[in-house]
Amino acid sequence: MKPVINHPFSRKSILILFVLLMCNMSFAQTKAEQIDKLISEYTEYGKFNGSVLVSDHGKVIYKKGFGMANMEWDIPNKSNTKHRLGSITKQFTAMLILQLAADGKLDLQAPITTYLPNYPKDKGDIITTHHLLTHTSGIPNYTSFPGFFKDDSRDPYTPDEFVKVFDGKDLDFSPGERFSYSNSGYFLLGVIAEKLSGKTYEDMLHDNIFTPLNMNDTGYDNHGDILKNRATGYEKNGGAYVNSRYLDMSIPYAAGSMYSTVEDLYLWDQGLYTNKLLPQKYMDMYFKPHIPAFGSGHYAYGWGLGYGKIGKSTDSIYTIGHGGGINGFNTNISRAPSDKSLVVLLNNTGGAPLNQMTRAIRGILYGKDYSHPKKSVANALLAIIQDKGIEAGLAHYNTIKDSENYDLNEGEMNNIGYQLMNTHKKIDEASKVFKLNVEAFPKSSNVYDSYGEALMNLGKNDLAIINYKKSVDLNPNNQLGIEALKKLGADVSAYVKEVVVPDAILESYVGKYELAPSFIITITKEGSQLKGQATGQSAADIFPKSENVFYLKIVNAQLTFNKNDAGKVE
């Protein structure tokens, strides 16, 4: 007699499960194929050269390298190619600081002079570690100092030596007043971590993060090290590439000196869903939205928080991420905790549209329509200017600017304008490029600011004043524009005077406004101060530009209260 085998599934149900399994495998394969085609298109158009990893529900569904890690030796990028990360480093620095706090060695709200007694007391006594972590310290950003990249960035410094480059400068604003991205603050965090741990920042990274997570292909990028699978950084020069400018890696330090692979950053992502590195109390603090930043988003500790768009749709998903840029490299990591999806893009030719690529990849992940890349109007324009001159470039621009095969991008146009002005010393050509950008994007504050700068350099001060004023009209928080107007001798009283709105009108603005499904801005009033709070974010003061137009000082954002025929604010 044959033994009886009890099985919970019938043959029919097993067949159904098999078919479903095959369908799921096919669907996953389709996603991977779409991602591969998408990134191949970006590579074909010269917009991406690097490594990619995508995970879906915590599982890697795609990883691959594109283009060359080393163009001299025709060595291709792979998924284990080591790229410089730039500011993605900041999230690792923040992790080290929170580990010190969890160990009771650091108080996030204590003045930094508690840990750095030699830091100037007039500033250090009012700046906390929390301010440094959230870019609200007011310490000026050293990478924005005039001549920094030309004069200082090639020389090695010890951390204590380099602090002297910025510690004596006046604060840009009172600590805690607003968000202003500052590499100086994260540099100081590295110094604090070393003082409190007795280890180098590099050793802390290895001991506290890389070793526990088995991130064996991640480290602090020392120029002298022989590093297997290291990508070379390149920059575009017209239609060709050149080696990126040398940067001594002691300069970015805790603000941007790490290297890694897309595979190791997946291990990092997965580790952040556990308590291997921090107790849950501090993990919650790590990802808490502390300060409004980057438009509608917030900044946590070393992370940007916000709702990332999904393909062409109006749908969005809450993401935790950060970008990075360092000579020859730009990078992006974007995590969606709700379904544990991840997009990592590491590019070694600088300037790749990584946010645009991430949005398209998320469109693929969620089955939404997504945009395909187009040729760059800006790159084509620059190539013609350098080859045949400005007039030929302008003529070519007019033939391609409205073509469905080309993409006219404000940021790219602005970048080539500055490349012409600063790198090639072609100020007149740059001014004409900036003018094209003004004509194409007349509602952008930044295009008028850039055009004004070029006009000022050409000595055309009257035109420069007109454009700087237009920039500040569009963005009242453009302090650099106001300073430029002062330098040009223009009257700026209209931009610095206080606008007083009657209390009854302020009261009429109080309420909740649904800007999109599940995204509401709540307006409240404390005394004569209006405050705005978006869904999932903290409240921020808003200031009147006129009776119904308000703006934020901490970020470049503006609110207009519109009333209907009945006088009700819509």
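Residues numbered from 1 in each chain as written. Predicted model: local features only at pLDDT ≥ 70, side-chain atom pairs only at ≥ 80, totals over all residues. Heavy atoms only, no water.

A. Fine view of the overall build of the chain. Scanning the chain from N- to C-terminus turns up 20 helices and 23 strands. Expressed along its principal axes, the backbone C-alpha trace of the chain runs to roughly 105 × 65 × 60 Å. Burial analysis of the chain (570 residues in total) assigns 49% to the buried set. Intrachain contacts of the chain at a sequence separation of at least 6 include 61% that bridge at least 24 residues. If you sum the accessible surface of the chain, you get close to 27100 Å²; carbon and sulfur atoms cover 51% of it. (Helix = DSSP H or I, 4+ residues; strand = E, 2+ residues; numbered from the N terminus. Buried < 20%, exposed > 50% of the residue type's maximum accessible area, 1.4 Å probe, protein only. Contact = heavy atoms within 4.5 Å. Areas by Shrake-Rupley, 256 points an atom, 1.4 Å probe, with all protein chains shown as cover.)

B. Representation of the sheet that holds strand β10 (residues 291-293). Strand order in the open sheet formed by eight strands is β2-β1-β15-β14-β13-β12-β11-β10, with antiparallel pairing between adjacent strands. Both outer strands of the open sheet, β2 (59-65) and β10, are each paired with one neighbouring strand and no more. For this sheet, the mean angle separating the axes of adjacent strands, direction not counted, is 25°. Note: strand β14 (residues 329-336) against strand β15 (residues 341-347), seven bridges, orientation antiparallel. Of the residues in β15, the one forming a bridge with Ile333 is Val344. (Pairing = 2+ DSSP bridges. Axes fitted to C-alpha atoms, helices over the stretch in contact; angles between N-to-C directions.)

C. Representation of the pairing of strand β21 (residues 540-544) in the model. Sheet topology note: the β21/strand β22 (residues 549-551) ladder contains two bridges and is antiparallel. Residue pairing in the sheet places Phe543 in a bridge with Tyr551 of β22. Taking the residues between adjacent antiparallel strands as the criterion, β21 and β22 are bridged by four residues.

D. The arrangement of the pattern of salt bridges in detail. Using the criterion set out here, one finds 17 salt bridges in the structure. Glu263 is the salt-bridge partner of Lys63, the closest N and O atoms lying 3.0 Å from each other. With Lys63 in strand β2 and Glu263 in helix α9 (residues 262-271), the pair connects residues that are 200 residues apart, well separated along the chain. Residue Glu391 is joined to Lys432 by a salt bridge in which the shortest nitrogen-to-oxygen separation is 3.7 Å. Residue Glu391 is found in helix α13 (residues 390-400), and its partner Lys432 is found in helix α15 (residues 427-440); the two are separated by 41 residues along the sequence. Three or more residues are tied together by salt bridges with common partners; here these are Arg84, Asp221 and Arg230. (Salt bridge = Lys/Arg side-chain N within 4 Å of Asp/Glu carboxyl O.)

E. A look at helix α14 (residues 410-423). Between its first and last C-alpha, α14 extends 19 Å over 14 residues, near the 20 Å set by a 1.5 Å rise per residue. Those residues of α14 not exposed but buried are Glu412, Met413, Asn414, Ile416, Gly417, Gln419, Leu420 and Met421. For α14, the N-terminal capping position is held by Asn409, with its side-chain oxygen 2.9 Å away from the main-chain nitrogen of Gly411. The first or second residue beyond α14 is Lys425, which carries a positive phi of 55°. (Expected span 1.5 Å × (residues − 1). Polar contact = N/O pair within 3.5 Å; in protein donor to acceptor, adjacent residues only side chain to side chain.)

F. Layout of the nonpolar core. Phe92, Phe166, Ile209, Trp268, Tyr286 and Trp303 are the most contacted members of the largest nonpolar core, which totals 78 residues. No other element matches helix α2 (residues 89-102), which puts eight residues into this core. Sequence-distant contacts of Trp303, that is, excluding residues within four places in its chain, are made with Gln91, Trp268, Leu272, Tyr286, Phe287, His298, Ile320, Gly321, His322, Ile333 and Arg335. Judged by nonpolar contacts, the second largest core, of 36 residues, contains Leu382, Met456, Ile482 and Leu485. (Core = buried A, V, L, I, M, F, W, Y, C linked by side-chain atoms within 4.5 Å.)

G. Highlighting the packing of aromatic side chains. If you walk through the whole model with that rule in mind, you get 20 aromatic pairs. The interplanar angle of 50° and the centroid separation of 4.5 Å between the aromatic rings of Phe187 and Tyr253 together place this pair among those described as tilted. Here Tyr253 lies in the loop between β8 (240-243) and β9 (258-260) and Phe187 lies in helix α7 (residues 183-197), a separation of 66 residues in the sequence. Residue Phe187 is classed as buried on the basis of its relative accessible area of 0%. Summarising the aromatic geometry, the rings of Tyr201 and Tyr253 are spaced 5.4 Å apart at their centres and angled 50° between planes, so their arrangement reads as tilted. Here Tyr253 lies in the loop between β8 and β9 and Tyr201 lies in helix α8 (residues 201-210), a separation of 52 residues in the sequence. Its relative accessible area of 4% is what places Tyr253 among the buried residues. Members of the aromatic cluster, each reached through a chain of ring pairs, are Tyr142, Tyr157, Phe162, Phe166, Phe187, Tyr201, Tyr220 and Tyr253. Geometry around Tyr273 places Arg335 over its ring, the cationic atom sitting 4.6 Å from the centre. (Phe/Tyr/Trp six-rings, centres within 6.5 Å; stacked < 30°, edge-to-face > 60°. Lys NZ or Arg CZ within 6 Å of the ring centre and 35° of its normal.)

H. How the structure looks around the environment of His298. Topologically, His298 is positioned in strand β11 (residues 297-299). In this structure His298 comes out as buried when scored by relative accessible area, which is 2%. Through-space distance from the C-alpha of His298 to that of Lys288 is 9.0 Å; in sequence the pair is ten residues apart.

I. Expanded view of the environment of Ser450. Here Ser450 lies in helix α16 (residues 445-457). Each C-alpha atom of the pair Ser450 and Ala464 lies 9.6 Å from the other, and the pair is 14 residues apart in sequence. If near-sequence neighbours (up to four positions away) are discounted, Ser450 is found in contact with Asn414, Tyr418 and Phe434.

J. α8, seen in detail. For α8, the complete set of buried residues consists of Tyr201, Met204, Leu205, Ile209 and Phe210. The buried residues of α8 all sit within an arc of 150° when viewed along its axis, so they share a single face. In this structure, the buried residues of α8 make contact with α2, α7, β6 (219-220), β9 and α9. (Arc of directions from axis to C-beta.)

K. Main features of unusual backbone geometry. Located in the positive-phi region is His135, a residue other than glycine, with phi close to 60°. Summarising the element assignment, His135 is placed in the loop between α4 (129-133) and α5 (148-151). Not every positive phi belongs to a glycine, and Asn214 is a case in point at roughly 60°. By the secondary structure assignment, Asn214 is in the loop between α8 and β6.

L. Layout of the sheet that holds β6. Within the open sheet, the three strands sit side by side as β5-β9-β6. Their pairing is antiparallel. Unpaired on one side and paired on the other, β5 (83-84) and β6 mark the two borders of the sheet. Two elements, β5 and β9, share two bridges in a ladder whose sense is antiparallel. In the strand pairing of β9, Arg84 is matched with Tyr259.

M. View of the pairing of strand β1 (residues 50-56). Counting buried positions along β1 gives seven out of seven residues, so the element sits mostly inside the fold. With six bridges joining them, β1 and β15 adopt antiparallel strand pairing. Across the sheet, the residue bridging to Ser51 is Leu346, located in β15. As judged from the six bridges shared by β1 and β2, these two strands associate in the antiparallel manner. Residue pairing across strands places Val54 opposite Tyr62, the latter belonging to β2.

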